[in-house]
Amino acid sequence: MLADLLVRDAYIYVDRSWEIASGWIAIKDRRVQAIGKSGEEPAATKVVSARGRLVTPGLINAHHHMYQNLTRSYAPVTNGTLFEWLTGLYPLWADLDAESVYLSTYIAMAELLMGGCTTSMDHMYVHPKPFLIDAQLRASRDIGFRFYATRGSMTRSVEQGGLPPASVVQGEEAILEDSVRLVEAYHDASAGAMNRVALAPCSLFSVTERIMVESARLAEKYDLRLHTHLAEDPQEDIYCQEVYGCTPTEYFERVGWASKRSWVAHYIYPSQDEIGRLAKAGVCACQCPCSNMLIGGGAADAMGLRARGMRVGLGCDGSASTDHASLWLEARTALLLGRFRNGPHSMSARDALDMATRGGAACLGWDDEIGHLRPGACADLVVWEMSDVALAGAHTDPVEAWLRCGPAIAGTAIVNGEILVEAGKPVLTGLEDVLREHAKHARRIQRLAA
């Protein structure tokens with residue numbers, strides 16, 4: 001056989017149950033065609049030598065807010081609580097438009113690629129202008145990045161007891177009509193799709209009950225995924241008790257979201273009984289370790305959730321709270337947090353890598369094609385790069401060394417069979433122009449002098 005692309009001389013992590021100490025991966029027609037041991041390589045049109053480095057499936061980002069890189073490390077809110085941080089930034093985000101969203105999405109995807117991520121969702125819930133998600137999809141196509149857009153929404157402004165200003169929320173009909181428009185225009189349920197769409201009301205306290213119920217109904221009609229924030233902050237419990245007379249998880253169940261379609265971000269403050277119920281229903285969760293630790297609001301017990309049968313992925317969360325978009329850093333932080341919380345026997349680098357790959361794919365309902373490198377999988381993979389100094393002495397376990405040593409970046413990142421990062425740098429001809437324009441929009445939105 002003649003492969004389109006061959007990655008050779010690699011330590012290959014196929015998935016949790018299959019590793020090849022010295023091997024190769026052949027890509028044909030944008031799929032993993034075959035894998036094997038060194039010395040049995042097929043001929044290929046293009047060959048990439050991994051030079052003994054670790055190769056893994058591309059990491060999967062299961063929770064993000066890409067537009068927020070326009071307000072990274074914004075000084076007035078860096079030491080605020082979650083709600084202080086949100087109320088400080090919502091007025092700035094009211095100045096988003098299609099161009100700034102395109103630029104922020106482009107930068108986010110370039111940064112994700114550098115951190116080894118080849119598929120990401122985005123939770124776009126601020127809509128001061130129309131067609132913002134269309135701009136995101138345009139950026140993903142310009143780059144060639146595998147993108148799962150989610151139609152986020154908010155209906156409750158400050159006047160209705162919410163946190164955001166009226167300028168960034170929408171009415172129920174506008175949300176539902178645009179949700180249908182986006183799904184019918186862009187959702188691609190076919191195998192190997194580059195763009196899919198899910199429905200994602202921001203949180204239980206930011207939308208009406210009708211939006212939650214109707215989103216679940218539309219998901220059933222169009223066979224879609226559902227996403228929201230859940231049990232992220234103790235104040236959420238107080239709000240739900242006062243408004244709905246129940247806990248956030250109980251309300252989540254009441255509005256018809258406790259199903260295999262749903263995955264939730266954070267899930268820090270549920271009871272053990274609630275964890276068991278959602279796990280049994282097939283709901284997945286996404287831990288965002290860096291963001292939650294910076295906000296100081298606690299973090300999900302990822303291994304505890306997994307022990308109860310819940311699939312758990314990893315997410316960078318919003319760039320303005322995490323201030324980075326490296327899934328490698330999230331995986332490392334998840335490992336540190338898990339071991340700090342539950343002891344050295346509780347979590348390994350392979351657990352973290354499994355969350356960042358198979359776990360993220362499960363959140364997106366896509367673990368048949370992404371999150372692993374078995375033959376037939378989408379050709380999304382990463383050759384990890386680390387300095388020889390950082391790796392000096394690490395001779396026995398490349399997967400553990402991947403997170404214990406570091407920092408690591410994607411030396412080569414391949415998405416859909418195409419090389420998008422080479423020699424540690426994005427292969428994006430327009431990146432410099434986008435960075436220049438992004439800076440202009442970031443300064444405008446932050447009310448800084450030009």
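Placed above this text is the structure.
Residues numbered from 1 in each chain as written. Predicted model: local features only at pLDDT ≥ 70, side-chain atom pairs only at ≥ 80, totals over all residues. Heavy atoms only, no water.

Draft legend 1. View of the overall build of the protein. Within the protein, the secondary structure is distributed over 16 helices and 19 strands. For the protein, the spread of C-alpha atoms along the three principal axes comes to 65 × 50 × 45 Å. Counting the 450 residues in the protein, one finds 61% classified as buried. Taking all contacts inside the protein whose residues are at least 6 apart in sequence as the whole, residues at least 24 apart take part in 76%. Of the roughly 16,600 Å² of accessible surface on the protein, 53% is carried by carbon and sulfur atoms. (Helix = DSSP H or I, 4+ residues; strand = E, 2+ residues; numbered from the N terminus. Buried < 20%, exposed > 50% of the residue type's maximum accessible area, 1.4 Å probe, protein only. Contact = heavy atoms within 4.5 Å. Areas by Shrake-Rupley, 256 points an atom, 1.4 Å probe, with all protein chains shown as cover.)

Draft legend 2. Spatial organisation of helix α16 (residues 431–445). A rise of 1.5 Å per residue sets the reference length of α16, with its 15 residues, at 21 Å; its end C-alpha atoms lie 21 Å apart and thus fit the reference within 8%. For α16, the set of buried residues is L431, V434, H438, H441, A442 and I445. Seen from one end, α16 has its buried residues packed into an arc of 100 degrees, which puts them on one side. Opposite the buried face of α16, by more than 90 degrees, sit the exposed residues E432 and K440. (Expected span 1.5 Å × (residues − 1). Arc of directions from axis to C-beta.)

Draft legend 3. Inspection of the packing of helix α2 (residues 98–114) against helix α3 (residues 132–143) at higher detail. Direction vectors running N to C along α2 and α3 enclose 40 degrees, while the axes themselves pass 8 Å from each other. Taken together, the axis directions place α2 and α3 in an arrangement best described as oblique. Judged by the sense of rotation from one axis to the other, the crossing of α2 with α3 is right-handed. Together, A98, E99, V101, Y102, T105, Y106, M109 and L113 of α2 and L132, A135, Q136, R138, A139, S140, D142 and I143 of α3 make up the contact between the two elements. Residue composition of the contact of α2 with α3, grouped by class: ten nonpolar, three polar and three charged. (Axes fitted to C-alpha atoms, helices over the stretch in contact; angles between N-to-C directions. Parallel < 35°, antiparallel > 145°, perpendicular 65-115°, else oblique. Left-handed = near helix turned anticlockwise from the far one by under 90°. Nonpolar A, V, L, I, M, F, W, Y, C, P; charged D, E, K, R; others polar.)

Draft legend 4. Molecular detail of the pairing of strand β11 (residues 226–230). Judged by how many residues are buried, β11 sits mostly within the fold: five of five residues are covered. Along β11, one buried face is formed by L226, T228 and L230 and the opposite face, lined by H227 and H229, is buried too. With five bridges joining them, β11 and strand β12 (residues 262–266) adopt parallel strand pairing. By the bridge assignment for β12, H227 is matched with W263. (Pairing = 2+ DSSP bridges.)

Draft legend 5. How the structure looks around the packing of α3 against helix α4 (residues 172–186). Where α3 meets α4, the axes come as close as 11 Å, and the angle between the chain directions of the two elements is 20 degrees. Here α3 lies roughly parallel to α4, going by the angle between them. When you trace α3 past α4, the crossing you get is right-handed. Along the contact surface, α3 presents I133, D134, L137 and R141, while α4 presents R181, L182 and Y186. Its residues assigned to classes, the contact of α3 with α4 comprises four nonpolar, no polar and three charged.

Draft legend 6. Local environment of the nonpolar core. Counting 119 residues, the largest nonpolar core has W85, W93, L96, Y125, V126, Y267 and W402 as the members making the most contacts within it. A total of ten residues in this core trace back to one element, the largest contributor, which is α2. Residues V14, L373, A379 and I419 belong to the second largest nonpolar core, which totals 20 residues. (Core = buried A, V, L, I, M, F, W, Y, C linked by side-chain atoms within 4.5 Å.)

Draft legend 7. Summary view of unusual backbone geometry. Following G406, the chain continues into P407 via a peptide bond in cis, with omega recorded as 5 degrees. Considering the arrangement of structural elements, one finds P407 in the loop between α15 (398–404) and β17 (409–415). For Y267, which is not a glycine, the phi torsion comes out positive at approximately 45 degrees. Structurally, the position occupied by Y267 is in the loop between β12 and α8 (272–281).

Draft legend 8. Layout of the pattern of salt bridges. Overall, the coordinates contain 34 salt bridges when judged by the stated rule. Across the salt bridge formed by R72 and E111, the nearest N and O atoms sit 2.9 Å from each other. Placement of the pair is R72 in the loop between β7 (64–65) and α1 (82–93) and E111 in helix α2, with a sequence separation of 39 residues. Where R210 meets E172, a salt bridge forms, and the shortest distance between an N and an O atom there is 3.0 Å. (Salt bridge = Lys/Arg side-chain N within 4 Å of Asp/Glu carboxyl O.)

Draft legend 9. Inspection of the state of the cysteines at higher detail. What the rule picks out here adds up to zero disulfides. In this structure C288 is not part of a disulfide, and its nearest cysteine sulfur, from C286, lies 4.2 Å away. For C288, a relative accessible area of 1% gives the class buried. No disulfide involves C405; its sulfur sits 18 Å from that of C290, the nearest cysteine. In this structure C405 comes out as partly exposed when scored by relative accessible area, which is 21%. (Disulfide = S-S within 2.5 Å.)

Draft legend 10. Representation of the side chain of S179. Inspection of the secondary structure assignment puts S179 in helix α4. Sequence-distant contacts of S179, defined by excluding residues within four places in its chain, comprise R151, L199 and L218.

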